[in-house]
Amino acid sequence: MNDMIKMVVVLTVLSSVAGGVLAAVNKGTATQIEAQQLTFVKGPAILSILDGASNNPIEDRFKIADGDAETNFFVGVFDGKANTIAFEGFGKGFAGDMGVMVGINMDDDKLVGAAVTVHSETPGLGALAKDKPDLVSQFKGLSVTDSVSVTKNGGQINAISGATITSSAVCVAVGKTMAAYQKMKPQLQQEIQKFGK
C-alpha cells in the first residue's frame, strides 16, 4: 500500500510539473504563433481584401470581446479615411470549420470582399473555395443586411460544382460576420476613429 501511495504522489508531481511547463511554453510562444498566423494564414486574405489601403491593415488592428470570444478587426485606410474593416467568421464545412475573412466598408455597409483563410476540405473540390476566387467574389457589393445562401437553398450564391456543403459553409461564415458587424457597429465606429488622418 505504501508503494502505491508513493507512485500516486510521484505521478501527481510529474503531471503538475509537465502541465506547468506546457502552460509556460504556450504562453511564451503565443505572440510568435499569432504573428505567424497573420503572416502566412490570414495575412494574404486581409491584404487581398483591403488591397489599395494606404496603411498596413495587419499592423493597424484592434480586438473586441463579444461574450467569451475575442475578435481581431483589421483596418483599411482609403483616401486618408479609416472606413473599412476586415474580420473572420467561421462555418462548418464538409471536413471541419472553414474560416472566411470578410471586408466591410463602414460608410455604405457593403462587403468589399471575402477570402477563405483556413479549411480542411477535399482537394480539387471544396478546397477550390480557397484556391479559386469564383465563389468568394460573389459576395463583393452585398449589403450587410442581405441574406446569403447558395442557389440550391434559394439564395443568390452559385456553389462550387460538387462542393455544395463547402459553399454553404462559406455562406454561413459570411452571414455570421455580417450579423456580428451589425451588432457591433457602434463599437467598431468608435475604435476605427483611432486610425487614419
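Anything mentioned here points back to the structure above.
(A) Quick peek at the nonpolar core. Residues F139, V170, V174 and L188 are the most contacted members of the largest nonpolar core, which totals 39 residues. Of all the secondary-structure elements, those providing two or more residues to this core are β1 (61-66), β2 (69-78), β3 (81-92), β4 (97-105), β5 (110-118) and α3 (164-192). A per-element tally of this core places α3 first, with eleven residues. Apart from residues lying up to four places away in sequence, L188 is in contact with F62, I64, F73, I85, M106 and Y181.

(B) Focus on the packing of aromatic side chains. Inspection of the entire model under this criterion finds three aromatic pairs. On the basis of an interplanar angle of 45 degrees and a centroid distance of 4.7 Å, the ring pair of F73 and F87 is categorised as tilted. Of the two residues, F73 sits in strand β2 while F87 sits in strand β3, which places them 14 residues apart along the sequence. The exposure class assigned to F73 is buried, which follows from its relative accessible area of 0%. The exposure class of F87 is buried, given its relative accessible area of 2%. One aromatic cluster is present, built from ring pairs that chain together F62, F73, F87 and F195.

(C) The arrangement of a nonpolar patch on the surface in detail. Taken together, the side chains of M4, M7, V8, V10, L11 and L14 define a hydrophobic patch exposed on the protein surface, amounting to about 590 Å² of accessible area. Structurally, M7 is set in helix α1 (residues 2-49). M7 sits in the partly exposed class, given a relative accessible area of 48%.

(D) Focus on the pattern of salt bridges. Counted under the stated rule, the structure contains four salt bridges. Salt-bridge contacts for K42 lead to E88; the nearest nitrogen and oxygen are separated by 3.0 Å. Separated by 46 residues along the polypeptide, K42 in helix α1 and E88 in strand β3 bring together distant segments of the chain. Here E88 falls in the buried class, since its relative accessible area comes to 13%. A salt bridge links E191 to K194; the nearest nitrogen and oxygen atoms lie 3.0 Å apart.

(E) Broad picture of the side chain of E88. A polar contact is formed between the side chain of E88 and the side chain of K42, at a distance of 3.0 Å. When neighbours within four sequence positions are excluded, E88 is seen to be in contact with K42, G99, V100, M101, T117, V118 and T177.

(F) Fine view of the sheet that holds β5. In spatial order, the strands read β1-β2-β3-β4-β5; together these five strands make up an open sheet with antiparallel pairing. Looking at strand neighbours, the two that pair on one side only are β1 and β5, the edges of this open sheet. Within the sheet, the average angular offset between the axes of one strand and its neighbour, ignoring direction, is 30 degrees. Contacts from α3 reach β1, β2, β3, β4 and β5, with the element oriented near 140 degrees to β3.

What counts, and where the lines are drawn
Residues numbered from 1 in each chain as written. Predicted model: local features only at pLDDT ≥ 70, side-chain atom pairs only at ≥ 80, totals over all residues. Heavy atoms only, no water. Core = buried A, V, L, I, M, F, W, Y, C linked by side-chain atoms within 4.5 Å. Buried < 20%, exposed > 50% of the residue type's maximum accessible area, 1.4 Å probe, protein only. Helix = DSSP H or I, 4+ residues; strand = E, 2+ residues; numbered from the N terminus. Contact = heavy atoms within 4.5 Å. Phe/Tyr/Trp six-rings, centres within 6.5 Å; stacked < 30°, edge-to-face > 60°. Patch = residues over 30% accessible without salt bridge, like charges linked within 9 Å, V, L, I, M, F, W, Y side chains within 5 Å. Areas by Shrake-Rupley, 256 points an atom, 1.4 Å probe, with all protein chains shown as cover. Salt bridge = Lys/Arg side-chain N within 4 Å of Asp/Glu carboxyl O. Polar contact = N/O pair within 3.5 Å; in protein donor to acceptor, adjacent residues only side chain to side chain. Pairing = 2+ DSSP bridges. Axes fitted to C-alpha atoms, helices over the stretch in contact; angles between N-to-C directions.

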